[in-house]
Amino acid sequence: MPFRALIGHRRTLDLLSRSIAGGSLPPSVIFSGPEGVGKRLVALSVAQALNCTEIQRVAIAAGDEFPVDACGQCAACKRIARGVHPDVLVVAPGETGSIKIEQVRDALDRAMYRPFEGRRRVTIIDEAHALIPGAQNALLKTLEEPPSLSVFILVTSQPDALLPTVRSRCSQIRFGRLSSADVAAVLERDHKYPKREALAVAAASDGSVGRALHEQAEEFSEARANVEALLRSTRGRSDARTRLERAKDLVKGGGATAASERDYLGLRLQTLSSLARDLSLLASHANPDLLANADLRDELNALAKSYDGERAIGLFAAVGRAQDALDRNVSPKVVADWLALQV
Ligand SMILES: [Zn+2]
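Predicted model, so just to flag it, every value in this text is computed and none were measured.

**Observations regarding the coordination of the zinc ion**
And then number 1: C52 (SG), C71 (SG), C74 (SG) and C77 (SG) make up the full set of protein donors to the zinc ion, lying at 2.3 to 2.4 Å.
And then number 2: Metal-centred angles of 101 to 119° between the four donor atoms at the zinc ion mark the site as tetrahedral.

**Brief notes about the packing of helix α2 (residues 39-51) against helix α3 (residues 75-82)**
What describes two packed helices is the angle between their axes and the distance between those same axes.
And then number 1: Remark: α2 packs on α3, axes separated minimally by 9 Å, with the N-to-C direction vectors making an angle of 155°. Considering the angle they form, α2 stands roughly antiparallel to α3. Of the two elements, α2 crosses α3, and the hand of that crossing is right-handed. Together, L44, A47, Q48 and N51 of α2 and A76, C77, I80 and A81 of α3 make up the contact between the two elements.
And then number 2: Considered class by class, the residues forming the contact of α2 with α3 number six nonpolar, two polar and no charged.

**Some words on empty space enclosed by the protein**
And then number 1: Applying the stated criterion across every chain, the model contains one cavity of 30 Å³ or more.
And then number 2: Considering the residues around the largest cavity, the lining is formed by P86, D87, L89, A107, R110, A111, R121, V122 and T123.
And then number 3: Among the elements of the structure, α4 (101-111) and β5 (121-125) are those that each provide at least two residues to the lining of the largest cavity.
And then number 4: Considered class by class, the residues forming the lining of the largest cavity number five nonpolar, one polar and three charged.

**What to know about the layout of surface pockets**
And then number 1: Each pocket or cavity is described by its volume, and for the largest pocket that value is around 960 Å³.
And then number 2: As for the largest pocket, its lining consists of 31 residues, and the residues nearest its centre are E197, Q216, D263, L267 and Q270.
And then number 3: If you list the elements that add at least two residues to the lining of the largest pocket, you get α8 (195-203), α9 (209-234), α11 (258-283) and α13 (309-327).
And then number 4: For the lining of the largest pocket, the element with the most residues is α11, which contributes eight residues.
And then number 5: Considered class by class, the residues forming the lining of the largest pocket number 13 nonpolar, 10 polar and eight charged.

**Focus: the packing of α9 against α11**
And then number 1: Running from amino to carboxyl end, α9 crosses α11 at an angle of 60°, the nearest separation of the two axes being 9 Å. Considering only the axes of α9 and α11, their crossing is right-handed. Facing α9, whose interface residues are E219, F220, E222, A223, R224, N226, V227, E228, L230 and L231, α11 presents Y264, L267, R268, T271, L272, L275 and L279.
And then number 2: When the residues that make up the contact of α9 with α11 are grouped by side-chain class, the tally is 10 nonpolar, two polar and five charged.

**Structural notes on the pattern of salt bridges**
And then number 1: What the rule picks out here adds up to 19 salt bridges.
And then number 2: Between R79 and E117 there is a salt bridge, and its shortest N-O distance comes to 3.1 Å. Of this pair, R79 sits in helix α3 while E117 sits in the loop between α4 and β5, and the two are 38 residues apart along the sequence.
And then number 3: Classification of R79 as partly exposed rests on a relative accessible area of 27%.
And then number 4: Between R177 and D206 there is a salt bridge; the shortest N-O distance is 3.7 Å. With R177 in the loop between β7 (171-174) and α7 (180-190) and D206 in the loop between α8 and α9, this pair connects stretches of sequence that are 29 residues apart.
And then number 5: Judged by relative accessible area, D206 falls into the partly exposed class, the value being 39%.

**Looking at the sheet that holds strand β6 (residues 150-156)**
And then number 1: Judged by pairing direction, the sheet is parallel, and its five strands sit side by side in the order β4-β5-β6-β1-β7 without closing on themselves. Since the sheet does not close on itself, it has two edges, and those belong to β4 (88-91) and β7, each with one partner. Neighbour to neighbour, the strand axes of the sheet diverge by 20° on average, direction disregarded.
And then number 2: Pairing analysis gives five bridges linking strand β1 (residues 28-32) to β6, with the strands arranged parallel. Bridge pairing in β6 links I30 to L154.
And then number 3: Sheet strands touched by helix α5 (residues 133-144): β1, β5 and β6. Its angle to β6, the strand with the most contacts, is close to 130°.

**Brief notes about helix α1 (residues 10-21)**
And then number 1: An ideal rise of 1.5 Å per residue puts 16 Å on 12 residues; α1 measures up with 16 Å between its terminal C-alpha atoms.
And then number 2: If you check which residues of α1 are buried, you get T12, L13, L16, S17, S19 and I20. The buried side chains of α1 occupy one side of the element, clustering within an arc of 165° when seen end-on.
And then number 3: Among the structural elements, β1, α2, β3 (68-69) and β7 are those in contact with the buried residues of α1.

Criteria and cut-off values
- Residues numbered from 1 in each chain as written.
- Predicted model: local features only at pLDDT ≥ 70, side-chain atom pairs only at ≥ 80, totals over all residues.
- Heavy atoms only, no water.
- Donors = N, O, S within 2.8 Å, 3.2 Å for Na, K, Ca; no water.
- Tetrahedral: all angles 85-135°; square planar, octahedral: opposite > 155°, others 65-115°.
- Axes fitted to C-alpha atoms, helices over the stretch in contact; angles between N-to-C directions.
- Helix = DSSP H or I, 4+ residues; strand = E, 2+ residues; numbered from the N terminus.
- Parallel < 35°, antiparallel > 145°, perpendicular 65-115°, else oblique.
- Left-handed = near helix turned anticlockwise from the far one by under 90°.
- Contact = heavy atoms within 4.5 Å.
- Nonpolar A, V, L, I, M, F, W, Y, C, P; charged D, E, K, R; others polar.
- 1 Å grid on protein atoms, 1.4 Å probe; cavity = no way out; pocket = protein on both sides within 12 Å on 5 of 7 lines; lining within 4 Å.
- Points joined across faces, edges and corners; volume = space filled by probe spheres on them.
- Salt bridge = Lys/Arg side-chain N within 4 Å of Asp/Glu carboxyl O.
- Buried < 20%, exposed > 50% of the residue type's maximum accessible area, 1.4 Å probe, protein only.
- Pairing = 2+ DSSP bridges.
- Expected span 1.5 Å × (residues − 1).
- Arc of directions from axis to C-beta.

This is the structure in structure tokens:
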């Protein structure tokens, strides 16, 4: 993504663009700052600005524009964004959660060569705090004297976890938190959140897009667990008392205000609707790859024995009516009770 398309970090981006324009970008840099604010994305933008074949230059006097920026459209820019440019390597922790010495040696070997097709070789080490000490030591000599056309960017939320010898060989660029408005703008533009939801989630994100997405994902899986439990306990057409008991789970964590209770139940209705859709897909023997909740395939298969075609469709319709009622300001508790008796 070109600098001009990034949201937030204006001063930092300006500094980076100016140093690229003036040929003064340090060859070994640490990007430090909170998690989820876009440090790795900025590192990739730097790689693009260094290797774009349609580079955009603007006279510095032109004001707010970045003096050098990538086009974002040429083959080089696209390949960098997709992670397949031969001169731009991203090293990240493997399954063990650490970056091993072999990964670093491999990256160093590649950094020794002149760029294949771009102007600069860029090695981005993401979550650099995950470098094991041996791997950090293997980097020292190269960070001290990088090959002439190579740039190393170490991205980390925990710069203090890097050896002092590594830190002392790098310039450090510090990233701050994003404003809530910036987080909301990213959620809306890049993750397709509706505006109202983006603003609400951003307000609780502590300036981190990563955190906003993570918490949203946790909230979603909790909601889904609630409705799955409801379906499991009602699949045997259990008595009304059990059902009403389960209905409480759909509203009880909703918090103090009527609006938050409504949002809480709303999210549960949304996930229930998605499960109901999957159950009717299973009932019609559709391709299981079409399941929205593919990770719950086993659980859905078990439920599908009770929620056969007609019952799944009835469930789907009931959720729709419950959503309508909630939109019409019917009390969340009443809606939840009604729904629990229908499923
Ligand atoms: Zn380009």
